[in-house]
Amino acid sequence: MKKIVFTFPLIIIIIFLFHQKAIPQNFTRVNDIIALEKKLVEHSQSIQTIVSDFIQEKHLAFIDEVIISNGKFWLKDETSIRWEYYKPFSHVIVIHDEEFKTRDDKGRISSFNVNSNPVFKEVNNLIISSARGDLVADKNFDVVAYESSDRYLLKLTPKIKEIKQVINETKIYFDKADLFVVSVVMVESDDDYTVINFKNRKFNVPVQDDIFILN
Amino acid sequence: MYRYKTIFLYLISLLLINACSPVTSYNKIAHPGELDAFPKSVMGSNFDRLLYKADIRILDNYYTGLFFIKNDSIDNRIHIVALSEFGLSFLDMEYHDGEIKINNIQSFLDRRSLKKDIQQNFKLLFINLKDYNSKQVYKKPGEEIIALKVRNTFSRYYYFCDEAGEGNIYSIVQRRPFKRNKKIFLKYNDVPFPKKIVFSNNNIRFRMELDLLEVN
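Since the structure is predicted, the reported quantities are computational estimates derived from the model, not experimental observations.

Draft legend 1. Broad picture of the overall build of chain A. Broken down by element type, chain A carries 4 helices and 12 strands. Out of the 215 residues in chain A, the part that is buried amounts to 49%. Across chain A, the fraction of contacts at a sequence separation of at least 24, relative to all contacts at a separation of at least 6, is 45%. Element-wise, carbon and sulfur atoms account for 53% of the exposed surface of chain A, whose accessible area totals about 11,400 Å².

This is the structure in structure tokens:
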């Protein structure tokens, strides 16, 4: 009996501590996740184009290094994407009509089916789903939503093996003011993760179709 | 009659093997002191970190990204991490004590022959050439090109070094019985590390090009 009296509160404390750790600082859990999804989807329907700068930080914990990349991102009609990297080397990646094209710093263009690069495909699906706002209903992930004074946070834990092999968890931060993604954090292991921060975001600005065509 | 046929076949095989050798037009140098002309290893260890841009083709699939090489001099290890465009690592290896160990590899690369090839490629870049037991040095007549032939189980490796070109190793060829040669090409530009490294293995339809972006 003594043992139970001692063990039970200890378990409660441990559960409480783990629960606290799971909730990001300054965030509280959103209980009505369906309402949030509706809000995100409704808002995304009013967005035809997005143009944004981005800064990407790769944190490699075991060697204590951060690798920084930056560039510009274009999205049009949820199906056409252009990632243009300026640093550490200039190259362009375009997804248009299910085709994946790259142009390297020497102007060489390569064209492939988007399904040929599984890692790339998964990350792009995440970005497109974020733009559409339909991540909550995505059957590939367990989704938990949080909010702070100025951000929504969706924590996505992959359910399927193929995605789990690539990413343990994805955190997507939405700006409450414009309901679009400000930051994507892809966690591979506890201390090994990638952060993509979107800056200078512009919505519904004219984007010519030819920027998605590499010749 | 059967005996003569067998001897004849052996002789033809030997002739063919010799004809395919990458050093057929080279003269063997008896004096092993020529080995001093070679660098200690292709990459050396005089760096903190190297960043390479990577273009990889495996069968009909294409991948791009970065190769990050970190020299941990305290731990006496070299960490090699390959990252996709979005920073996700698809290959994580370390070189220690003359061997490459793979810590993590994504499923699209996780094929026995491919893993073995990648491990071998990086081992050839980092291994101290003096650590090979069996070494023979060849020189091309009239040119300042010397070749080092080393053996490792069933394979023979040839390191080609241009004495005129600051003594850098510009090519490594692997010869295996009944298989096509596997090659690594290296180009230099001012820095003591290869500016470009090209791994190609037609047996498994694998080609990887690394272009140096940063040295620290």
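Draft legend 2. Quick peek at the packing of aromatic side chains. Residues and elements named next belong to chain A. The tally for this structure, following the rule as stated, stands at 12 aromatic pairs over all chains. Ring centres 5.1 Å apart and planes at 80° place the aromatic pair Phe 54 and Tyr 85 in the edge-to-face group. Taken together, the residues span a long stretch of sequence, with Phe 54 in strand S2 (residues 49-60) and Tyr 85 in strand S4 (residues 80-87) at a distance of 31 residues. For the residue pair Phe 54 and Tyr 85, the accessibility class agrees, reading buried in each case. On the basis of an interplanar angle of 45° and a centroid distance of 6.3 Å, the ring pair of Trp 83 and Phe 198 is categorised as tilted. Of this pair, Trp 83 sits in strand S4 while Phe 198 sits in strand S12 (residues 192-203), and the two are 115 residues apart along the sequence. The pair formed by Trp 83 and Phe 198 is uniform in burial state, with each residue classed as buried.

Draft legend 3. Focus on the environment of Gly87(B). For Gly87(B), the location among the structural elements is in the loop between strand S4 (77-84) and strand S5 (89-96). For Gly87(B), a relative accessible area of 3% translates into the label buried. Put simply, Gly87(B) and Gly65(B) are 22 residues apart on the chain and 8.1 Å apart in space, counted from C-alpha to C-alpha. Setting aside its immediate chain neighbours within four residues, Gly87(B) contacts Gln56(A), Lys58(A), Glu188(A) and Thr194(A).

Draft legend 4. Expanded view of empty space enclosed by the protein. As enumerated under the stated definition, the model contains 6 cavities of 30 Å³ or more in all. Taken together, Gln56(A), Ser69(A), Tyr85(A), Pro88(A), Phe89(A), His91(A), Gly65(B), Leu66(B), Ser84(B) and Glu85(B) make up the lining of the largest cavity. Here the residues of the lining of the largest cavity are counted per class, giving 4 nonpolar, 5 polar and 1 charged.

Parameters and conventions
In this convention, every chain numbers its residues from 1, walking through the sequence in written order. Numbering of ligands from 1 and lettering of chains from A proceed in the order in which they are written. For this predicted model, a pLDDT threshold of at least 70 governs which residues receive local features, and a threshold of 80 or more governs which side-chain atom pairs are given and counted, while totals over whole chains, interfaces and linings are taken from all residues. Excluding hydrogens and water, the side-chain values take into account all heavy atoms of the structure. Only DSSP runs of H or I with at least four residues qualify as helices, and only runs of E with at least two residues qualify as strands; both kinds are numbered from the N terminus onward. Each residue's exposure class comes from its accessible area (1.4 Å probe, protein chains only) as a fraction of the maximum for that residue type: buried when under 20%, exposed when over 50%, partly exposed otherwise. Only heavy atoms enter the contact rule, under which two residues are in contact if any of them lie within 4.5 Å. Accessible areas in this description were obtained via Shrake-Rupley with a 1.4 Å probe; residue shielding takes into account the shown protein chains only. In this analysis, rings of Phe, Tyr and Trp, with Trp reduced to its six-membered ring, are considered paired at centre separations within 6.5 Å, and the interplanar angle assigns stacked below 30 degrees, edge-to-face beyond 60, and tilted for intermediate values. Cavity and pocket criteria rest on a 1 Å grid covering protein atoms alone: a 1.4 Å probe that fits but cannot get out defines a cavity, protein on both sides within 12 Å along at least 5 of 7 lines defines an open pocket, and an atom within 4 Å of a point defines a lining residue. Grid points are joined across faces, edges and corners, and a volume is the space filled by probe spheres set on the points. Just so you know the grouping, Ala, Val, Leu, Ile, Met, Phe, Trp, Tyr, Cys and Pro go in nonpolar, Asp, Glu, Lys and Arg go in charged, and all remaining residues, Gly too, go in polar.

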